[in-house]
Amino acid sequence: SKVLFAACELGVFDLLAEAPEPLDLATVVARLGTSSHGTELLLDTCASLKLLNVETRGGREGTLYQNTELSSTYLARVSPTSQSNMLLYMAGTTYRCWGHLAKAVREGKNQYLQVFGVPSEELFSAIYRSEEEQLQFMRGLQEVWSITGQRVLTAFDLSQFPLICDLGGGSGALAKECLSLYPECKVTIFDIPEVVRMARKHFPSSEDERIGFHQGDFFKDPLPEADLYILARILHDWTDEKCSRLLQKLQHTCKPGGGILVIESLLDEDRQGPLTTQLYSLNMLVQTEGQERTPTQYHRLISSAGFRSFQFKKTGAIYDAIFA
Ligand SMILES: C[S@@+](CC[C@H](N)C(=O)[O-])C[C@H]1O[C@@H](n2cnc3c(N)ncnc32)[C@H](O)[C@@H]1O
């Protein structure tokens, strides 16, 4: 991962995306201001990882580099489906937590104290330990919805729900995807005050008049009225006990006929895959209080909170959908 992260941090994919033609090593070195030796090693390794295409025309000087289709689509900032902010977040924060994976496994808890000197009891105060860090996290989180938002939002017909509340909806990127599918609905984003403030200041989704913000703590404060509550990547942050508490509160807030749409990456019932979800679950171990879960685990949590008509759909993308 560090090869990918370093190439992102140095702007390799951005430089190559902007260049009208493949570039040689000397040009890349001159534009990035990096060492010739280090850059050559990095670019050639990126090529072996299929992140770059290399063309060799007569010796080292004639070697030319360009982005692969994968890099142009997901790594260059100019691409509308770029995941570059998430990769920068992973490079800075996630990677450092993974450096203590063995300790996390030994202790069964996240590594914020070890890595950043902040106690893990208040999970999101640790995650949002500076404005810069918070902004990077918010920018990173929203990117995946440009590639999987429509898949998770069309897994079930949501047209019967005119008023939607996206709990822990962050910057409003998923809300925007929702409005592009259901233009008649209204979405309230509920998140903690610091996130609402940053969303209004830095993210254009906040300017859509069909999107409203409501600040509060979903464990402590009353929740806004809605026909459907979306919980995207919320339950995976928390212990079973906290998930149950939140779901029970939601069940009391929901009107009859109301629903919840839980968006998470689902583990296979025997927990032997998918590998991406297993890795996400280890990521939850090193960074949060939660884990990824199987459909049966979600069914238990959601139905014991009083919700009925539990259904789930594997979308074939990274994230799946549960409706109840
Ligand atoms: C992992 S992020 C998911 C963001 C978004 N739903 C998505 O999938 O892109 C968790 C979100 O929950 C919010 N959050 C955490 N604790 C909260 C609380 N107690 N009350 C309200 N929102 C909270 C965070 O600020 C963050 O936006």
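As the structure is a computational prediction, the values presented were derived from the model and not from experiment.

Let's talk about the UniProt feature "active site" (unreviewed entry) in the protein
UniProt annotation of "active site" (unreviewed entry) refers to His236 when read in the numbering used here. With respect to the helices and strands, His236 occurs in the loop between strand 7 (228-232) and helix 14 (240-253). Accessibility expressed as a relative area gives 6% for His236, which makes it buried. Not counting chain neighbours up to four residues away, the residues in contact with His236 comprise Glu264, Met284, Thr288, Gly290, Gln291, Glu292, Arg293 and Tyr298. At 3.2 Å, the side chain of His236 forms a polar contact with the backbone oxygen of Arg233.

Overview of the nonpolar core
Ranked by internal contacts, the top residues of the largest apolar core, which has 72 residues, are Ile230, Ile260, Leu261 and Ile302. For Leu261, the residues in contact, after removing those within four places along its chain, are Val152, Leu153, Phe156, Leu158, Leu228, Tyr229, Ile230, Leu231, Ala321, Ile322 and Phe323. Of all hydrophobic cores here, the second largest spans 22 residues; its members include Phe13, Leu15, Leu25 and Val28.

Some remarks on the domain arrangement of the protein
According to the domain assignment, the protein contains domain 1 (2-74) and domain 2 (139-323). Look at where the C-alpha atoms of domain 1 and domain 2 centre, and you get two points 38 Å apart.

Rules behind the numbers
- Residues numbered from 1 in each chain as written.
- Predicted model: local features only at pLDDT ≥ 70, side-chain atom pairs only at ≥ 80, totals over all residues.
- Heavy atoms only, no water.
- UniProt positions renumbered as here; feature names shortened; annotations may be inferred.
- Helix = DSSP H or I, 4+ residues; strand = E, 2+ residues; numbered from the N terminus.
- Buried < 20%, exposed > 50% of the residue type's maximum accessible area, 1.4 Å probe, protein only.
- Contact = heavy atoms within 4.5 Å.
- Polar contact = N/O pair within 3.5 Å; in protein donor to acceptor, adjacent residues only side chain to side chain.
- Core = buried A, V, L, I, M, F, W, Y, C linked by side-chain atoms within 4.5 Å.
- Domains from an automatic or database assignment.

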